[in-house]
Amino acid sequence: MGNQSGSLGMEQCSRDIRDIEILNQDAMPSDSSSDEELKDMIKKHAIETRREIDFIKNDKNGIRAICKGTILYLSVSDHVEYKCPWNLYESKWKQDVAWEACTYKFLGKKIVQQVESNPNIPTRALHAQLQREYQVELSKMKVFRAKTEAMKQVSGDYEGKHALLRDYAFELQTRNPETTVNIGVETEPNTASETRNFKRIYVFLGPLKKGFAAGGAHCDGLLNNLCETINNQIKEGRDQPIINCLKFIREYLMIRLVTVQKEIDKEVGPLTPTTTTVLEKIKKDVAECTSVFCGNDKYQVTGPRVYQCVVDMKNHTWSSRKWELTGIPCKHAFVAIWDMRKSKKDVGLPETLVHPTYWLRTWKEMYSFKIEPINGRRMWEKYACPTTFLPPTHHFPIGRPKKKRRKHVVELEEMVKGDRASLKEKYATCSK
């Protein structure tokens, strides 16, 4: 490696050479593994000093960097512009040698730490920051590509993440006992092959398994699309490599459990807040119904619009089976309960007839099981297996990737009622 320059009898040229003192022999990287560091030093200097430094390839093992600027020499009678004599040689250069100083890869390396600490930082914020820092005009697309490059460095190698999948699953099961992890692979005709293409993964965390068992079987989840709620929350993690995606979901659940626990600690009373609200609404509708006692703890209850049903207080059932499905007494059951209390029968409070799933103490027990944290990748125990996972075979379709879920044919039929299209019970008449 050498740093050469011509005869410097001009004051301006001497001042310029002192500006680049960071590139002298002592500051140069001593080993070939630091070639990238040298390139960054030259680029940074070119930006800061507004130099037009060009890299000219000498041969396959080295580069030559020259300054394309000119030097103005003033004399008594005339002035002459000379080509700057500064040049630099570096051997064993393995990269292409023609580039602009502020490439997206150069910028991407400068913002890696910032993107790692705040992955959701807007591109416009990075655009303003980089322009202010380097005092150059940058296109928004270049900054966007720089952020994408930084995200790749933060997320790591896509193929390497699949190779570590077994180690991640083993660490997860070690820290969270009773966790179930099933990994599916594509069928491999050659059974002697040392690689398998990843297909799918199923994870059921032990603490969630215990909490689900503590909650019992009855739940009004049949009336709510719980899966859609979760899918909406994990959109940000879908596009990340497999282990990062699993990490995003696990950390979301960890935070969710702690958030709900804080709400539980504030509550008092026999039931959960949502169940209490539902019961209060049911009690207001009781005035619309009348009941007739039929013996054997059975009531004939008549509601609005000549609606009539049978309520069995002994077995806690109702004709439409809503009580059995949800575990919460309906307004018809409340009519029977109030009639029994008028007759001095020991029926207890209506809240005691609600299924234990909705009791506050059950809610506390469900969320008492917390997801345990895990160690970083460097501390994972190597899982012994003769095969290695490869990324799934994927075909990239033309156009922008779709993130919306494909609707079922029944959902599409429900969106069209007659000559009107409906969405969330809102109707709009077609004008054509």
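Refer to the structure printed above.
Now for a quick tour of the structure.

What counts and how
Residues numbered from 1 in each chain as written. Predicted model: local features only at pLDDT ≥ 70, side-chain atom pairs only at ≥ 80, totals over all residues. Heavy atoms only, no water. Core = buried A, V, L, I, M, F, W, Y, C linked by side-chain atoms within 4.5 Å. Buried < 20%, exposed > 50% of the residue type's maximum accessible area, 1.4 Å probe, protein only. Helix = DSSP H or I, 4+ residues; strand = E, 2+ residues; numbered from the N terminus. Contact = heavy atoms within 4.5 Å. Pairing = 2+ DSSP bridges. Expected span 1.5 Å × (residues − 1).

**Focus on the nonpolar core**
For soluble globular proteins, the rule of thumb is that nonpolar side chains tend to be buried together.
In step 1: Counting 24 residues, the largest nonpolar core has Leu279, Val301, Val311, Met313 and Trp323 as the members making the most contacts within it.
In step 2: Here this core takes six residues from helix 15 (residues 331–342), the largest share from any one element.
In step 3: Contact partners of methionine 313, with chain neighbours within four places excluded, come to Asp297, Tyr299, Trp323, Ala333, Ala336, Ile337, Met340, Val347 and Leu353.
In step 4: Counting residues in each nonpolar core, the second largest holds 19 residues, with Phe198, Ile264, Leu360 and Phe389 among its members.

**Section: the sheet that holds strand 10 (residues 298–303)**
In step 1: Taking strand neighbours across the sheet as the criterion, the four strands line up as 9-10-11-12 in an open arrangement whose pairing is antiparallel. Strands at the two margins of the open sheet, each flanked by one partner only, are strand 9 (290–295) and strand 12 (317–318).
In step 2: In this structure, strand 11 (residues 307–312) lies alongside strand 12, joined through two bridges in antiparallel fashion. Bridge pairing links aspartate 312 to threonine 317 in strand 12.

**Quick notes on unusual backbone geometry**
Backbone phi values are negative for most residues with the exception of glycine, while trans is the configuration of most peptide bonds.
In step 1: Residue aspartate 297 is not a glycine yet carries a positive backbone phi of 60°.
In step 2: Mapped onto the elements of the fold, aspartate 297 is located in the loop between strand 9 and strand 10.
In step 3: Here aspartate 297 falls in the partly exposed class, since its relative accessible area comes to 29%.
In step 4: Of note, the phi angle at histidine 316 is positive, near 55°, even though the residue is not glycine.
In step 5: On the secondary structure map, histidine 316 appears in the loop between strand 11 and strand 12.

**So, helix 15**
In step 1: With twelve residues, helix 15 should cover 16 Å at 1.5 Å per step; its first-to-last C-alpha distance of 17 Å lies within 8% of that length.
In step 2: Turning to helix 15, its buried residues are His332, Ala333, Phe334, Val335, Ala336, Ile337 and Met340.
In step 3: Tucked into the core, helix 15 has its buried residues touching helix 13 (273–285), strand 9, strand 10, strand 11, strand 12 and helix 14 (322–326).
In step 4: After helix 15 finishes, the residue lysine 344 shows a positive phi value of roughly 65°.

**Observations regarding the pairing of strand 11**
In step 1: Of the pairings in the sheet, the one linking strand 10 to strand 11 comprises six bridges and is antiparallel in character. From the neighbouring strand, glycine 303 faces strand 11, where its bridge partner is tyrosine 307.
In step 2: Where strand 11 folds back onto strand 12 in an antiparallel hairpin, the turn is made up of four residues, including histidine 316, whose phi is positive at roughly 55°.

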